[in-house]
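# Chain and residue survey
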Amino acid sequence: MQNVKLNLKYSTLSEKEMMKYADQVAMIHEELHQKVNYKSEFLGWLELPTNYDKKEVENIKKAAKRIRGNSEVLVVIGIGGSYLGARAVIEGLTHTFYNYLPQEQRKGPQILYVGNNLNPNYVNDLIELIGDRDLSINVISKSGTTTEPAIAFRIFRELLENKYGLKEAQKRIYVTTDQKKGALKQIADEENYTTFVIPDNVGGRYSVLTAVGLLPIAVAGINIDKLLEGARFAQEKYADKNLKYNDCYKYAVARNMLYKNKNAIEILVSYEPKLHYIIEWWKQLYGESEGKEGKGIYPTGAEFTTDLHSLGQFIQEGTRNLFETVIHIKDSDSNLNIHQDEDNLDELNYLVDKDLHYINTKAMEGTISAHMEGGVPNLMITMDKLNEFTLGHLIYFFELACSMSGKILGINPFDQPGVEKYKTNMFRLLGKPGYEEGI
């Protein structure tokens with residue numbers, strides 16, 4: 001069985017000290033599972049891999065097949081959890097340059113994203129890139145009134161209606177939203193768009209394994225059954241409340257122990273460029289879940305060896321308030337050997353017959369050793385391979401660890417009250433009714 005494992009040997013943490021959290025972890029575990037069916041608790045993701053809507057998933061596969069058959073482009077409209085999880089999985093499990101490949105080589109639509117910013121250059125450039133090619137859109141929003149995706153949906157809905165006419169445009173618009181209420185649900189019902197449901201008890205940043213993520217992922221040709229199977233394996237693996245045997249909870253505890261030791265910044269590191277958006281998804285998951293009440297570990301990311309040539313100096317010798325969590329993929333899908341060069345002007349002949357994956361791994365090992373010597377604790381998460389099963393496992397691992405870590409920290413990991421402040425100010429400055437000065 002392909003697996004995901006936690007390695008704490010580079011962490012500087014004591015197993016004995018860690019086990020002092022065992023009773024607290026067991027209590028939080030029981031509390032989470034007892035409240036899993038309370039809609040107000042946003043814990044639906046906890047048992048989602050074994051309790052998902054099978055009919056919905058089959059409908060997702062049918063919709064994905066239609067889109068793959070009639071569209072050269074799928075535009076995913078969403079922000080935050082409404083697109084990051086899907087993008088993370090798609091970019092993690094497809095060709096590194098998937099969107100750049102010719103269509104006959106790609107064998108599926110380009111997956112492009114909008115509604116994740118308010119920049120006019122981005123939107124206009126995207127429209128120019130699409131050109132006259134056939135497209136469908138998947139708009140993802142619980143309410144339909146979140147500013148960035150709502151603006152993008154208005155623009156691209158008009159584009160589709162002008163290009164295809166109302167009737168054909170209706171067939172190319174796929175809506176993922178609330179089951180019963182909200183502006184987007186109302187529009188979808190009035191226009192008879194194909195709709196999928198964001199479950200009431202699953203928050204946006206925990207929603208990648210719902211229709212929110214699964215439709216775009218399926219359109220990219222990724223096996224969503226295997227993705228869910230990996231998450232299901234993780235759900236069963238981490239059902240043990242005993243900290244001694246639960247790597248997921250050990251990661252949560254390790255983070256809190258390091259935080260108490262003044263390590264208030266966590267850098268999620270990967271040596272695999274395909275994991276760029278896994279890092280971005282993880283940043284939202286942990287930042288939005290834990291950054292409250294003047295508390296929280298600041299989540300950031302780095303891609304090595306690239307960022308060793310920019311951030312490496314600071315990590316090695318800068319302020320000692322950080323730690324790293326390294327995602328290590330043991331086996332690579334492809335490889336490349338270094339060949340002999342008679343002149344050896346680049347002095348690389350010592351690497352002859354060694355392959356790039358081996359060299360990349362040694363770079364990782366050397367970096368971990370150097371950073372530890374520099375006073376930077378390292379946690380390591382090892383994946384046997386990068387595929388649907390292990391990525392489904394990793395997603396569930398991070399979601400469950402986040403909820404446990406937040407509870408240990410003493411905050412609610414399922415709300416995000418601070419996000420609304422910038423919106424209130426923006427609405428006031430834009431003159432939105434009801435947001436005038438003093439109202």
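No experiment lies behind these values; they were computed from the predicted model shown.

Glancing now at a negative patch on the surface. Where like charges cluster on the molecular surface, the negative patch consists of Asp-341, Glu-342, Asp-343, Asp-346 and Glu-347. Take Glu-347: it is sitting in the loop between strand 9 (322-329) and helix 15 (356-373). Relative accessible area serves as the criterion here: at 60%, Glu-347 is assigned to the exposed category.

A few words on helix 6 (residues 120-130). Working note: α-helix, 3.6 residues per turn, so residues spaced by three or four point in the same direction. Buried within helix 6 we find Val-123, Leu-126 and Ile-130. Summarising the axial view, the buried residues of helix 6 lie within an arc of 65°, below the 170-degree limit, and thus occupy one face. Exposed residues lying more than 90 degrees from the buried face of helix 6 are Pro-120, Asn-121 and Glu-128. Tucked into the core, helix 6 has its buried residues touching strand 2 (73-77), strand 3 (110-114), strand 4 (135-140) and helix 7 (147-164). In this structure Asn-119 caps helix 6, since a side-chain oxygen of it lies 2.9 Å from the backbone nitrogen of Asn-121. A positive phi of about 60° marks Gly-131, the residue just after helix 6.

For the rest of this paragraph, the subject is helix 10 (residues 211-219). With nine of nine residues buried, helix 10 is to be regarded as a mostly interior element. Among all positions in helix 10, only Ala-211, Val-212, Gly-213, Leu-214, Leu-215, Pro-216, Ile-217, Ala-218 and Val-219 are buried. Just beyond helix 10, the residue with positive phi is Gly-221, at close to 85°.

Now for unusual backbone geometry. Put simply, Phe-304 and Thr-305 share a cis peptide bond, and its omega is 10°. With respect to the element layout, Thr-305 can be found in the loop between strand 8 (298-303) and helix 14 (312-317).

We now examine the sheet that holds strand 10 (residues 378-383). What the five strands build is an open sheet, ordered 1-10-9-7-8; its pairing is mixed. With one partner strand each, in any of the chains shown, strand 1 (4-7) and strand 8 form the two edges of the open sheet. On average, adjacent strands in this sheet sit at an angle of 20° to one another, irrespective of strand direction. Two elements, strand 9 and strand 10, share six bridges in a ladder whose sense is parallel. Paired with Thr-325 across the bridge in strand 10 is Leu-379.

Moving on: the environment of Leu-228. Mapped onto the secondary structure, Leu-228 falls in helix 11 (residues 224-237). By relative accessible area, which is 0% here, Leu-228 ends up buried. Expressed as a C-alpha distance, the spacing of Leu-228 and Tyr-435, which sit 207 residues apart in the sequence, is 43 Å. Each residue touching Leu-228, except ones within four places of it in the same chain, is listed here: Pro-49, Tyr-52, Val-57, Leu-209 and Leu-214.

On the surface, Leu-118, Ile-151 and Ile-155 cluster together into a nonpolar patch covering about 240 Å² of accessible area. Take Ile-151: it is sitting in helix 7.

Using the criterion set out here, one finds 23 salt bridges in the structure. Lys-163 is the salt-bridge partner of Asp-132, the closest N and O atoms lying 2.9 Å from each other. Linking Asp-132 in the loop between helix 6 and strand 4 with Lys-163 in helix 7, this pair joins segments that are 31 residues apart in sequence. For Asp-132, a relative accessible area of 69% translates into the label exposed. Owing to a relative accessible area of 30%, Lys-163 belongs among the partly exposed residues under this scheme. When salt bridges with common partners are traced through the structure, they connect Lys-142, Asp-178, Lys-181 and Asp-200 into a single cluster.

Attention now goes to the environment of Ile-265. Relative to the helices and strands, Ile-265 resides in strand 7 (residues 265-270). Of the residues examined, Ile-265 reaches a relative accessible area of 23% and is grouped as partly exposed. In contact with Ile-265, not counting residues within four places along its chain, are Ile-297, Tyr-298, Thr-300, Asn-321, Leu-322 and Phe-323.

Sheet architecture is open: five strands sit in the order 3-2-4-5-6, paired in parallel fashion. Both outer strands of the open sheet, strand 3 and strand 6 (194-197), are each paired with one neighbouring strand and no more. Pairwise comparison of adjacent strand axes, ignoring direction, gives a mean angle of 20° for this sheet. Inspection of the sheet shows strand 5 (residues 173-177) paired to strand 6 by four bridges, in the parallel sense. What sits directly across from Thr-177, in strand 6, is Val-197. Strands in contact with helix 6 are strand 2, strand 3 and strand 4; relative to strand 3, the strand with the most contacts, it is inclined by about 160°.

Rules and cut-offs
- Every chain's residues receive numbers from 1 upward, in the order its sequence appears when written.
- Local features in this predicted model are restricted to residues whose pLDDT is 70 or higher, and side-chain atom pairs enter the listing and the counts only when it is 80 or higher, whereas totals over whole chains, interfaces and linings include all residues.
- Computation of side-chain values: all heavy atoms of the structure, hydrogens and water removed.
- Note on patches: the residues involved have over 30% relative accessible area and no salt bridge, like charges join within 9 Å, and the nonpolar side chains Val, Leu, Ile, Met, Phe, Trp and Tyr join within 5 Å.
- Throughout, the Shrake-Rupley method with a 1.4 Å probe supplies accessible areas, and for residues the shown protein chains are the sole cover considered.
- Definition used for salt bridges: Asp or Glu carboxyl oxygen within 4 Å of a side-chain nitrogen of Lys or Arg.
- The charged-residue count follows a simple rule in which Lys and Arg add positive charge and Asp and Glu add negative charge, with His and chain termini not counted at all.
- The location of each charge is read from NZ of Lys, CZ of Arg, CG of Asp or CD of Glu.
- Counting from the N terminus, the helices are DSSP H or I runs at least four residues long and the strands are E runs at least two residues long.
- Note on exposure labels: buried denotes an accessible area under 20% of the residue type's maximum, exposed denotes more than 50%, and partly exposed covers the range between, all computed with a 1.4 Å probe on protein chains only.
- The arc in question is the one spanned by the directions pointing from the helix axis to the C-beta atoms.
- Contact definition: two residues touch when any of their heavy atoms are within 4.5 Å.
- Here a polar contact is taken to be a pair of N or O atoms separated by no more than 3.5 Å, where protein atoms must pair a possible hydrogen donor with a possible acceptor and residues adjacent in sequence count only if both atoms sit in side chains.
- At least two bridges found by DSSP between two strands are what make those strands a pair.
- Between the N-to-C directions of two axes lies an angle of 0 to 180 degrees, each axis being a line fitted to C-alpha atoms and, for a helix, fitted only over the stretch in contact.

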